[in-house]
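Okay, here's what each chain looks like letter by letter:
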Amino acid sequence: MAEDRLPLNESTADAECETWDPAIHGDQPPSKMTRRKFVKNTSTLSATSLMGTAALMTNSDEAQANTEWAEWFQGNYREMTDEEKQEAVERLERRYSAEYGKDVTVDTTPAQEGVLFGYALNIQKCIGCRRCAKACVEENNQSRGDQEIEWIRVLKMEKGEFTEEKMGEGYPDDFGIQVGGNAYSAAGVVGEGEHYYEPEQVPEADSFYMPIACMQCEKPPCVKVCPVRTTYREPDGVVVIDYNWCIGCRMCIGACPYWARRFNWGEPKLPKEDMNPDTHYLGNRPRMKGVVEKCTFCIQRTRKGRYPACVEVCPVGARKFGNLLDPNSEVRRVLATKRVFRMKADLNTYPKFFYYVD
Amino acid sequence: MNKVWSFCVDFMLYLFKGGVKYWAWLGFLWIFVFAWVYGNYQQLSEGMIVTGLTDQVSWGLYLANFVFLVGVAAGAVTVVFPAYVYKHKALHDVTVLGEMLAISAVIMCMLFVLNHMGRPDRLWHMIPFLGIYNFPGSMLTWDVIVLLGYLLLNLVGGFYYLYKKYVGEELNNRFYLPIIFIAIVWALSIHTVTAFLINTMPARPMWHHGMMPIRFISTAFAAGPALIIIVFTIIRNNTKLWIEDNAIDLLSQIVVWCLGIALFLTLSEVVTELYHPTEHSLGLQYLMFGHHGLNNLVPWFWASMAGLVGTFLLLLVPRIRKDHKKLPYICAVVFLAIWIEKGMALLIPGSIPTPIGEFAEYSPTLIEIINCLGNWAIGFIVLTLLLKGAIGILLGEVHYGGKSAYGEMKHANDPAHA
């Protein structure tokens, strides 16, 4: 992999208007409005932001302690009134701004009428470069370094599991190889797909790639098992988590058949300079230790008419995203014209993440 | 009200009257509690990163102990059921000791759940009305109801009995018997729901089968009475309370039959899964034989099987089963083998391989181990104290209006009498 990462910060931060696709939200006004609203929001909140900054310079620990104390008493996001949401958001913005030394916004844009998000991935095109996984981490404020969390994992599949020399045996070689690791890159032998591969170059011979992430199931097993309903399906089909409500019981991690959920085992390590300040309450705002997180289809972008970061960064156009209720959307065209399947369809989870081949 | 107050005071004060062995045992347990304070401080301040858990294996030793102890709590019913349904005289006399065991086991369960949670500070989110209680959707909410209900039934049943004994009044059977019979059925429910907690997840094929609840109950009714036999033996040898031989003999019979059923169910599962092994039996294969050199669990599985089969065969022989000198040691092996079976041979391999086929091994850290030992120590301290007080009342050493321990203490501490 010669180009390990693209200059993502430049390409993603200003790409808002260019990436508008009418297929996603029909003919609603493009997201220039959002940018303006964003500026406006920032100015109305300047007083509180200033307080935050002042706190940062004088006694940030105390400010943080006070906000966290107030956060502890807040209710579940879905049950908050608009005022309570506003308070919660201001509190978070104050804390994040002080913590990361930049103007952080926490968006609460709700699901829009007539939108059901869907995703399609062309496994014929995917070259396994994992730019999607990297772009996802940079966009969604996951923990870095020795506690790195990735929502997207790319499985390397050996072609048909039949190699030339084993062809006579009639069944594939026993699976996998063993790789080293620790708590954050666990050791193990991989059965179906290897996701720690480190080749000189991708794609590798005799291999194809199957990226996985949260499948945004229509019947999500994770939602059913959550004892406090902190994870739930939004009206636009995205399964989200209120990080402030999660009790860390990890029932959802047990119930997810796609290994899509990650836990913050320690305090997340998010360097100030890498922090993406455009956040959504249910999406990429910084998490705390002891809570679960996962892919939200970049809710902070897609609800404003932008593509998810992984779609934008994919160099081969293997990733398609759009509104399943819009007959003209890209994802609907894929469903109509390609050979499509869902992962582990036997489990009746009805993912809105589709795989296809041309 | 005066009587209730006096009951509480006398019960408490009796706990301070013990011999060297009693104090040495409590002191020994306290060592683990001190380590536990350190372990919990570490985990609360650093997060669960101090454990050996990963995204691959995110349920480990804490939950394994929880599952096992729910069984021990349920196992207490093996004392209550024969006593009240079959009118077993000897067990009837000591039913309350079974209830005390159930209370201690449920308390340990709660400690283990708290250790398992990433955000124990947010537990209030589960309180109905104050937070959100996802009932009846989430199986965990069912488990909370049945466990708290079981705790309450045993607290009320046990302490009502002790109180009446203390004041020397007749039991009001119209109040007491319904509690006993509800508790018997309820005991089955706690382990059934705990089995449902893990076997209702198609994502984990090793657990996803209908045999799980009955397997849980059969092992519980072996581990529970095994512990009770050990406790009864200790009580017989160290206190004035004599528990009849036939009480212990009935319990050892229950142990042997439940062991047999448990082994039969395990064998059925192995045959079903391995006759034509699919990807769904990878967990069991990994557990039994390892996988490409990853075989952390293999010795545990075979040790547990050896323990279960060996003790079953030994206990089948009446001469050995009725040898009350050897029996407690055999029961200790049963208890240990089932503890391994529930943890290392059921809960942990359920996560291996992961739903995408990754084999990641898990080994607990020192902090996890000291927290587990601490939880056990606290549970045994609670059990010791509850049994101590209960025995005092059963023996009549503590009774209302008698020469109360409270009075004696006052007497001893009064400088005028010194």
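Note that this is a predicted model, so its numbers are computed, not measured.

## Concerning the overall build of chain B
Part 1 of the reasoning: When helices and strands are counted, chain B shows 16 helices and one strand.
Part 2 of the reasoning: Relative to the compact-globule value of 22 Å for 418 residues, chain B shows a C-alpha radius of gyration of 22 Å, a close match.
Part 3 of the reasoning: For chain B, the C-alpha atoms occupy an extent of roughly 75 × 55 × 40 Å along the three principal directions.
Part 4 of the reasoning: In chain B, the proportion of contacts linking residues at least 24 apart, taken out of those at least 6 apart, comes to 81%.

## Overview of the overall build of chain A
Part 1 of the reasoning: From N to C terminus, chain A includes 12 helices and 14 strands.
Part 2 of the reasoning: Considering chain A as a whole, with its 358 residues, one finds that 46% of them fall into the buried category.
Part 3 of the reasoning: Taking the intrachain contacts of chain A between residues at least 6 apart in sequence as the baseline, contacts between residues at least 24 apart amount to 69%.

## Observations concerning the nonpolar core
Part 1 of the reasoning: Ranked by size, the top nonpolar core spans 203 residues in total, and within it Leu69, Ala73, Cys109, Ala222, Val255, Val334 and Ala390 of chain B carry the most contacts.
Part 2 of the reasoning: In terms of residue count, helix H9 (residues 212-238) of chain B provides more of this core than any other element does, 14 residues in total.
Part 3 of the reasoning: Two domains each put at least three residues into this core: domain 1 (32-107) and domain 2 (155-209) of chain A.
Part 4 of the reasoning: In this structure valine 255 of chain B touches Ala222, Pro225, Ala226, Leu315, Cys331 and Val334 of chain B, once residues within four positions along its chain are discounted.
Part 5 of the reasoning: Leu29, Trp36, Ile367 and Ala377 of chain B belong to the second largest nonpolar core, which has six residues in total.

## As for the sheet that holds strand E13 (residues 339-341) of chain A
All names here are of chain A.
Part 1 of the reasoning: Within the open sheet, the four strands sit side by side as E12-E2-E14-E13. Their pairing is mixed. Only two strands of the sheet have a single partner each, and these edge strands are strand E12 (319-323) and E13. In this sheet, adjacent strand axes meet at a mean angle of 30° when their direction is disregarded.

## Details of the interface of chain B and chain A
Part 1 of the reasoning: At the junction of the two partners, chain B supplies 43 residues and chain A supplies 43 residues.
Part 2 of the reasoning: Of all the elements in the fold, those that place two or more residues in the side of chain B that touches chain A are helix H7 (139-167) and strand E1 (358-359) of chain B.
Part 3 of the reasoning: Among the elements that make up the side of chain B that touches chain A, the one with the highest residue count is H7 of chain B (three residues).
Part 4 of the reasoning: Broken down by class, the residue content of the side of chain B that touches chain A amounts to 20 nonpolar, 16 polar and seven charged.

## Topic: helix H1 (residues 2-14) of chain B
Residue and element names in this part refer to chain B.
Part 1 of the reasoning: In a regular helix each residue adds 1.5 Å, so 13 residues correspond to 18 Å; H1 covers 18 Å between its end C-alpha atoms and thus fits that length.
Part 2 of the reasoning: Regarding H1, the residues found buried are Phe7, Asp10, Phe11 and Tyr14. Buried residues in H1, looked at end-on, bunch into an arc of 100°, giving them a common side. Those residues of H1 that are exposed and angled more than 90 degrees off the buried face are Asn2, Trp5 and Cys8.

## Remarks on the confidence of the model for chain A
Reading fine detail from the predicted coordinates is not recommended where pLDDT is low.
All names here are of chain A.
Part 1 of the reasoning: Predicted confidence across chain A gives a mean pLDDT of 81, with 72% of residues reaching 70 or more.
Part 2 of the reasoning: Low confidence marks residues 1-59, where pLDDT is under 50. Its contacts with residues over four positions away, or in another chain, come to 71 contacts.
Part 3 of the reasoning: Confidence over residues 170-187 falls short of pLDDT 50; this stretch has 33 contacts with residues more than four positions distant or in other chains.

## Brief notes about unusual backbone geometry
Glycine aside, the phi torsion of most residues is negative, and most peptide linkages are trans.
Part 1 of the reasoning: Going from valine 202 of chain A to proline 203 of chain A, the amide bond is cis rather than trans, its omega being -10°.
Part 2 of the reasoning: Within the secondary structure, proline 203 of chain A is located in the loop between strand E5 (188-190) and strand E6 (207-212).
Part 3 of the reasoning: Going from isoleucine 352 of chain B to proline 353 of chain B, the amide bond is cis rather than trans, its omega being -5°.
Part 4 of the reasoning: Tracing the chain through its elements places proline 353 of chain B in the loop between helix H14 (327-347) and E1.
Part 5 of the reasoning: In this structure, asparagine 348 of chain A takes a positive phi of about 55° despite not being glycine.
Part 6 of the reasoning: Within the secondary structure, asparagine 348 of chain A sits in the loop between E13 and strand E14 (353-357).
Part 7 of the reasoning: Classification of asparagine 348 of chain A as exposed rests on a count of 11 C-beta atoms within 10 Å.
Part 8 of the reasoning: Phi angles above zero are rare outside glycine, and tyrosine 350 of chain A is one such case at about 50°.

## Topic: the environment of valine 313 of chain A
All names here are of chain A.
Part 1 of the reasoning: Here valine 313 is to be found in helix H11 (residues 309-313).
Part 2 of the reasoning: A residue is classified by how many C-beta atoms lie within 10 Å of it, and valine 313, with 23 of them, is buried.
Part 3 of the reasoning: For the pair valine 313 and arginine 130, spaced 183 residues apart in sequence, the C-alpha to C-alpha distance is 9.8 Å.

## Quick look at the pairing of E14 of chain A
Residue and element names in this part refer to chain A.
Part 1 of the reasoning: Here E14 lies mainly inside the structure; four of its five residues are buried.
Part 2 of the reasoning: Looking at chain direction, strand E2 (residues 117-122) and E14 are connected through four bridges and run parallel. Looking at the pairing, leucine 121 lines up with tyrosine 355 of E14.
Part 3 of the reasoning: Note: E13 against E14, three bridges, orientation antiparallel. Residue pairing for E14: valine 340 is matched across the bridge by tyrosine 356.

## Description of the environment of proline 355 of chain B
Part 1 of the reasoning: For proline 355 of chain B, the location among the structural elements is in the loop between H14 and E1.
Part 2 of the reasoning: Residue classification places proline 355 of chain B among the buried residues on the basis of 24 C-beta atoms within 10 Å.
Part 3 of the reasoning: Each C-alpha atom, one on proline 355 of chain B and one on arginine 204 of chain B, is 6.9 Å from the other, the two residues being 151 residues apart in sequence.
Part 4 of the reasoning: If we ignore the near neighbours within four places in the chain, the residues touching proline 355 of chain B are Cys256, Pro257, Tyr258 and Trp259 of chain A together with Ala203 of chain B.

## Notes on the confidence of the model for chain B
Residue and element names in this part refer to chain B.
Part 1 of the reasoning: Chain-level statistics for chain B give a pLDDT mean of 92 and a share of 96% at 70 or above.
Part 2 of the reasoning: Of all the helices and strands in chain B, helix H16 (residues 405-413) carries the lowest mean pLDDT, 46, while helix H12 (residues 298-316) carries the highest, 97.
Part 3 of the reasoning: Per-residue pLDDT stays below 50 along residues 405-418; that stretch engages in 11 contacts with residues further than four places along the chain or on separate chains.
Part 4 of the reasoning: Our summary of model confidence lists the complex with pTM equal to 0.87 and ipTM equal to 0.90.

## Some remarks on the packing of helix H6 (residues 95-116) of chain B against H7 of chain B
All names here are of chain B.
Part 1 of the reasoning: Contact geometry for H6 and H7: axes closest at 9 Å, N-to-C directions at 145°. Crossing angle aside, the handedness with which H6 passes H7 is left-handed. Packed against H6, whose contacting residues are Val96, Glu99, Met100, Ala102, Ile103, Val106 and Cys109, the element H7 presents Leu147, Tyr150, Leu151, Asn154, Leu155, Gly157, Gly158, Tyr161 and Leu162 at the interface.

Thresholds applied
Residues numbered from 1 in each chain as written. Chains lettered and ligands numbered in written order. Predicted model: local features only at pLDDT ≥ 70, side-chain atom pairs only at ≥ 80, totals over all residues. Helix = DSSP H or I, 4+ residues; strand = E, 2+ residues; numbered from the N terminus. Rg over C-alpha atoms; globule rule 2.2 N^0.38 Å. Contact = placed C-beta atoms within 7 Å. Buried ≥ 20, exposed ≤ 12 C-beta atoms within 10 Å, placed from the backbone. Core = buried A, V, L, I, M, F, W, Y, C linked by C-beta atoms within 7 Å. Domains from an automatic or database assignment. Pairing = 2+ DSSP bridges. Axes fitted to C-alpha atoms, helices over the stretch in contact; angles between N-to-C directions. Nonpolar A, V, L, I, M, F, W, Y, C, P; charged D, E, K, R; others polar. Expected span 1.5 Å × (residues − 1). Arc of directions from axis to C-beta. pLDDT = per-residue confidence, 0-100. Left-handed = near helix turned anticlockwise from the far one by under 90°.

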